[in-house]
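# Observations on chain architecture
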Amino acid sequence: MALHESGQMYLEAIYVLSQKSEHIRAIDVGAYLGYSKPSVSRAIGLLKKDGYALVDDEGYLKLTAKGLELSEQLYERHTVLSRMLMALGVDEETATEDACRIEHVISDRSFAAVKKHYLDYQEN
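Attention here is on the structure that accompanies the text. (Residues numbered from 1 in each chain as written. Predicted model: local features only at pLDDT ≥ 70, side-chain atom pairs only at ≥ 80, totals over all residues. Heavy atoms only, no water.)

## Focus: the overall build of the protein
- The helix and strand inventory of the protein stands at six helices and two strands.
- Compactness check: the protein gives a C-alpha radius of gyration of 15 Å against a globular reference of 14 Å for 124 residues, within 12% of the reference.
- Principal-axis analysis of the C-alpha atoms gives the protein an extent of 50 × 25 × 25 Å.
- For the protein, the residues scored as buried account for 35% of the 124 residues in total. (Helix = DSSP H or I, 4+ residues; strand = E, 2+ residues; numbered from the N terminus. Rg over C-alpha atoms; globule rule 2.2 N^0.38 Å. Buried < 20%, exposed > 50% of the residue type's maximum accessible area, 1.4 Å probe, protein only.)

Have a look at this one:
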């Protein structure tokens, strides 16, 4: 993944918000993440520059195909890791926070192994 952790956080936030509404503005992303307007504006500018997001004529954020693909991967990592930690007995708040940290540093290979193990565990 070419994006740094902060860019990934913004991308995932846009994805999560887009699951609830197709009309997302930078202010919504800032509120969701708890970041200031200047920080969000800068991050959105970088996401646009790198081809992950667009802003339409009405000011709504949209993920490009590239942005959607990466954000879906990030969200899957977050979800699987959170659920796995909770299955191990970690409380939801801690599991979610830890999954957020882990999702940005775990390799594709390690995540694939974790995901396989978790899904196998779920089947039994």
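Still more to cover.
## Comments concerning a negative patch on the surface
- Judged by side-chain charge, Asp91, Glu92, Glu93 and Glu97 come together as a negatively charged surface patch.
- Along the chain, the position of Asp91 falls in the loop between helix H4 (65-87) and helix H5 (92-102).
- Residue class for Asp91 comes out partly exposed when judged on its relative accessible area of 43%. (Patch = residues over 30% accessible without salt bridge, like charges linked within 9 Å, V, L, I, M, F, W, Y side chains within 5 Å. Areas by Shrake-Rupley, 256 points an atom, 1.4 Å probe, with all protein chains shown as cover. Salt bridge = Lys/Arg side-chain N within 4 Å of Asp/Glu carboxyl O. Lys, Arg positive; Asp, Glu negative; His and termini not counted. Charge placed at Lys NZ, Arg CZ, Asp CG, Glu CD.)

## Thoughts on the packing of helix H1 (residues 5-18) against H4
- It is at 9 Å that the axes of H1 and H4 come closest, and there the two elements cross at 90°. If you check the angle between H1 and H4, you find them roughly perpendicular. Seen from H1, the contacting residues are Gln8, Leu11, Glu12, Tyr15 and Val16; seen from H4, they are Gly67, Leu68, Leu70, Ser71, Glu72, Leu74, Tyr75 and His78.
- Each residue belonging to the contact of H1 with H4 can be placed in one class, and the counts come to seven nonpolar, four polar and two charged. (Axes fitted to C-alpha atoms, helices over the stretch in contact; angles between N-to-C directions. Parallel < 35°, antiparallel > 145°, perpendicular 65-115°, else oblique. Contact = heavy atoms within 4.5 Å. Nonpolar A, V, L, I, M, F, W, Y, C, P; charged D, E, K, R; others polar.)

## Some remarks on the packing of aromatic side chains
- Overall, the coordinates contain two aromatic pairs when judged by the stated rule.
- The interplanar angle of 55° and the centroid separation of 5.4 Å between the aromatic rings of Tyr10 and Tyr35 together place this pair among those described as tilted. With a gap of 25 residues between them, Tyr10 in helix H1 and Tyr35 in the loop between helix H2 (26-33) and helix H3 (37-49) connect regions that are remote in the sequence.
- Against the face of Tyr60 rests Arg25, its NZ or CZ located 4.3 Å from the ring centre.
- It is Lys66 that lies over the ring of Tyr52; its NZ or CZ is 4.5 Å from the centre. (Phe/Tyr/Trp six-rings, centres within 6.5 Å; stacked < 30°, edge-to-face > 60°. Lys NZ or Arg CZ within 6 Å of the ring centre and 35° of its normal.)

## A closer look at the nonpolar core
- Counting 17 residues, the largest nonpolar core has Leu11, Val29 and Leu47 as its most contacted members.
- Sorting the residues of this core by element identifies H1, H3 and H4 as the ones contributing at least two each.
- Among the elements that line this core, the one with the most residues is H1, at five residues.
- In this view, Val29 contacts Tyr10, Ala13, Ile14, Leu17, Ile24, Val40 and Leu61; residues no more than four positions away in its chain are not counted.
- Core analysis: the second largest hydrophobic core is formed by nine residues, Met84, Leu85, Ala95 and Ala99 among them. (Core = buried A, V, L, I, M, F, W, Y, C linked by side-chain atoms within 4.5 Å.)

## Thoughts on the environment of Tyr32
- Turning to its location among the elements, Tyr32 is positioned in helix H2.
- As for Tyr32 and Ala13, which are separated by 19 residues in sequence, their C-alpha atoms are 7.1 Å apart.
- Not counting chain neighbours up to four residues away, the residues in contact with Tyr32 comprise Ala13, Val16 and Leu17.

## Some thoughts on H5
- All of the buried residues along H5 are Ala95, Ala99 and Cys100. Buried residues along H5 cover an arc of 135° about the axis, so they all sit on one side. (Arc of directions from axis to C-beta.)

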